[in-house]
Amino acid sequence: MSAFAETHPIYEDIGFVHSGMLMRTSMGDVNSTWKFPAAVVLVEVETQHFERVYPGQSIRTAGHVAETFERKGKHYLVTDEVLLADGRPAARFRRTQIYG
């Protein structure tokens, strides 16, 4: 877990994938499917984990744009994403990003 500087004892079992890696994977999957006019900035994420994910499982992300809005001249995008491990929901992410 050196990529996340994690110290919580639950991550001493190296048999499953770190929750931060799941969010990073989901964010990469979703952001690579859209063309943004500028770099995006993550400002908030709400996360739910349903089960552990293990190396070797098939991972995919399904998501949609839940909301867009403008505040103080900045454009925001809210996505709702579900990360599937072997076809079963493993985590849910609701992310808010500035995109322009």
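Here the structure is a predicted model, which is why all the values come from computation and not from measurement. The written sequence of each chain sets the order in which its residues are numbered from 1. Where local features are concerned, this predicted model is filtered to residues with pLDDT of at least 70; where side-chain atom pairs are given and counted, the filter is 80 or more; whole-chain, interface and lining totals use all residues. Heavy atoms throughout the structure, all of them, feed into the side-chain values; hydrogens and water do not.

1. Description of the pairing of strand 3 (residues 74-85)
For the exposure calls, accessible area comes from a 1.4 Å probe over protein chains only, and a residue counts as buried if that area is under 20% of its type's maximum, exposed if over 50%, partly exposed in between. Going along the chain from the N terminus, every DSSP run of H or I of four or more residues is numbered as a helix, and every run of E of two or more is numbered as a strand. Of all twelve residues in strand 3, nine are buried; the element is thus mostly enclosed. Two strands pair when backbone bridges link them, and strand 2 (residues 59-71) and strand 3 are joined in this way by twelve bridges, in the antiparallel orientation. Across the sheet, residue Ile59 finds its bridge partner in strand 3, namely Ala85. Pairs of strands are assigned from DSSP output, requiring at least two bridges between the strands. Hairpin connection, strand 2 to strand 3: the antiparallel pair is bridged by two residues, and Lys72 has positive phi, about 50°. Where strand 3 hands over to strand 4 (residues 88-98), the hairpin turn is made up of two residues, of which Asp86 adopts a positive phi near 55°.

2. A closer look at the packing of aromatic side chains
Pairing of aromatic side chains requires ring centres within 6.5 Å, counting the rings of Phe and Tyr and the six-membered ring of Trp. Pairs whose planes differ by under 30 degrees are stacked, by over 60 edge-to-face, and all others tilted. In the structure shown here, the tally under the stated rule is one aromatic pair. Seen from their ring centres, Phe69 and Tyr76 are 4.8 Å apart, and the 5° between their planes marks the pair as stacked. With relative accessibility at 11%, the residue Tyr76 sits in the buried group.

3. Points about unusual backbone geometry
In this model, Lys72 sits at a positive phi of 50°, which is unusual for a non-glycine residue. Examined against the element boundaries, Lys72 turns out to sit in the loop between strand 2 and strand 3. Take Lys72: its relative accessible area is 81%, and that puts it in the exposed class. A positive phi is found at Asp86, a non-glycine position, where the angle reads about 55°.

4. Notes on the pattern of salt bridges
We define a salt bridge as a side-chain nitrogen of Lys or Arg found within 4 Å of a carboxyl oxygen belonging to Asp or Glu. Overall, the coordinates contain six salt bridges when judged by the stated rule. Glu51 serves as the salt-bridge partner of Arg88, at 2.6 Å between the closest nitrogen and oxygen. On the criterion of sequence distance, the pair formed by Arg88 in strand 4 and Glu51 in the loop between strand 1 (41-49) and strand 2 is long-range, its members being 37 residues apart. Note that Arg94 is salt-bridged to Glu67, the shortest N-O span being 3.8 Å. With Arg94 in strand 4 and Glu67 in strand 2, the pair connects residues that are 27 residues apart, well separated along the chain.

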